[in-house]
Amino acid sequence: MYYTEYETEPREKRMKRKWKGVKDVLAAAEAGSGEFRERLGALGACARDFKDWDDYAKIPPLRKKDLIEWQREHGIGWFLNGRPGELRRIYQSPGPIYDPEGREPDYWAWSEGFFAAGFRPGDLAQMTFSYHMTPAGLMLEEPLRDIGCAVIPAGPGNTEKQIEFLTELPVNAFIGMASYLKVIGEKAVALGLDPLADFHLEKAYVAAEPLPESLRREVQEMFGITVRQGYGTADVGCIAYECRELGGMHLSNYRHVEICDPATGLPVPDGEVGEVVVTPFFTDYPLVRLATGDLSSMDLSHCACGRTARKLTGWKGRADDTTKVKGQFIYPGQAATVFSRYPAISGWQIRVKHVSGRDVLVVVAETAQPFDTESFEADFQATMKLRPVVETCVPGTLPENAPRLVDERTFD
Ligand SMILES: [Zn+2]
């Protein structure tokens, strides 16, 4: 069972269709995006000069940190092929970065992923991604309604309320972070409930954080469900998604996805690890070769599910100095604005750790005098959307030129 005929089309046909998508993006970007015209100008090229995939791969990728900086410098209109009022929505995600949403149906292209994960008409789904400012909640709700599911817009947090919905209503599908579903299960047990008997869940669609197989197994067994993940970003929506066979994530039929050398932006040989570079087929907000900063590789083997799209092998880390914790990117530059308000802190480092199944954000602060760590934690959380654990040490503890951000997590 497939959602559209695109999922099983021969590669040659798919690449032809994708080339048409990319050509439309190039034309729209040249016509409307000041950013892309500047990139073309630096190459001394125009959109018509790119005649095949090899040509296309020579366009330098658009880096996320540049997107953030240039949005601030030039305004969102500089990137748009049309007026902001002609969009459907504009979100803001941490960076801060604006994420425009156009008016085409299934704009973020998650429908095929949900369908591949077993979502069907008549499912009752509980959405625990945020509907506030960031696109996650709405981005993932609309495809569910397209498929014919009903959605409970629960949003994140308020775990006891989540448990109330999950036990009082016949909710058979969960959407959110796997780590949060685990929190819900643990809380339910603490309240004297049995996640296998007292919940009606059959499946979960998870995203926004790396999914270790140990966590998938744990949550599947806890609730007796099937867990499938999607991979995407707030800028481009769905990039790839799992099918029932697992073993990687099929590439979206609505984006051109390349694995590139983070230094040169050129595609690496098939199978090698590199940075995921995506071109969504958006014409109102053309993003030509957006470098996600995520590392992955391409699996060319045939999938038993019958889908012919190649698979991404999964998340292999970050290509630059940012990482993702609990669905949020940590940008050291953004964190620096918080530290600058605490003159007692002379040096700092952010460490991401994985402690007993949970991601923990540790802020190491060098200080010669005590400071109000509690208000610092609240301040940090207000800006970065994550509450840190503060560890203080005497000045000189951190090595000179120590990186601002260290990801100490390992994934199986
Ligand atoms: Zn498959």
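The structure displayed is predicted, hence computed values, not measured ones.

1. Focus on the sheet that holds strand E1 (residues 62–63)
At step 1: Strands sit in the order E1-E13-E12-E11 across an open sheet of 4 strands; the sheet is mixed. The open sheet has two edge strands, E1 and strand E11 (255–260), and neither has a second partner.

2. Things to note about the sheet that holds strand E4 (residues 124–127)
At step 1: Strand order in this open sheet of 9 strands is E5-E4-E6-E7-E8-E9-E10-E15-E14, and the pairing throughout is mixed. Here the strands that pair on one side only, and so sit at the sheet edges, are strand E5 (150–152) and strand E14 (298–299).
At step 2: Sheet analysis places strand E8 (residues 226–233) next to strand E9 (residues 237–241), joined by 4 bridges and oriented antiparallel. Along E9, the bridge assignment pairs Gly232 with Cys238.
At step 3: Seen against the sheet, helix H8 (residues 178–190) touches strand E6 (173–176) and strand E7 (203–206) and runs at an angle of roughly 125° to E6.

3. A short note on the UniProt feature "domain: AMP-dependent synthetase/ligase" (unreviewed entry) in the protein
At step 1: Taken from the UniProt record, the annotation "domain: AMP-dependent synthetase/ligase" (unreviewed entry) applies to residues 157–278.
At step 2: The span residues 157–278 is 28% helix and 29% strand, and its two end C-alpha atoms sit 31 Å from each other.

4. Focus on the coordination of the zinc ion
At step 1: Summarising the metal site, the zinc ion is bound by the protein donors Cys243 (SG), His250 (NE2), Cys303 (SG) and Cys305 (SG), whose distances to it range over 2.1 to 2.3 Å.
At step 2: Classification of the site at the zinc ion as tetrahedral follows from its 4 donor atoms and the range of 104 to 113° in their angles at the metal.
At step 3: Under the relative-accessibility criterion, Cys243 is labelled buried at 0%.

5. Side note on the environment of Thr134
At step 1: In this fold, Thr134 is placed in the loop between E4 and helix H6 (136–147).
At step 2: The sequence separation of Thr134 and Pro105 amounts to 29 residues, and the corresponding C-alpha distance is 19 Å.
At step 3: In contact with Thr134, other than residues within four places in its own chain, are Tyr91, Gln92, Ser93 and Pro94.

Rules behind the numbers
- Residues numbered from 1 in each chain as written.
- Predicted model: local features only at pLDDT ≥ 70, side-chain atom pairs only at ≥ 80, totals over all residues.
- Heavy atoms only, no water.
- Pairing = 2+ DSSP bridges.
- Helix = DSSP H or I, 4+ residues; strand = E, 2+ residues; numbered from the N terminus.
- Contact = heavy atoms within 4.5 Å.
- Axes fitted to C-alpha atoms, helices over the stretch in contact; angles between N-to-C directions.
- UniProt positions renumbered as here; feature names shortened; annotations may be inferred.
- Donors = N, O, S within 2.8 Å, 3.2 Å for Na, K, Ca; no water.
- Tetrahedral: all angles 85-135°; square planar, octahedral: opposite > 155°, others 65-115°.
- Buried < 20%, exposed > 50% of the residue type's maximum accessible area, 1.4 Å probe, protein only.

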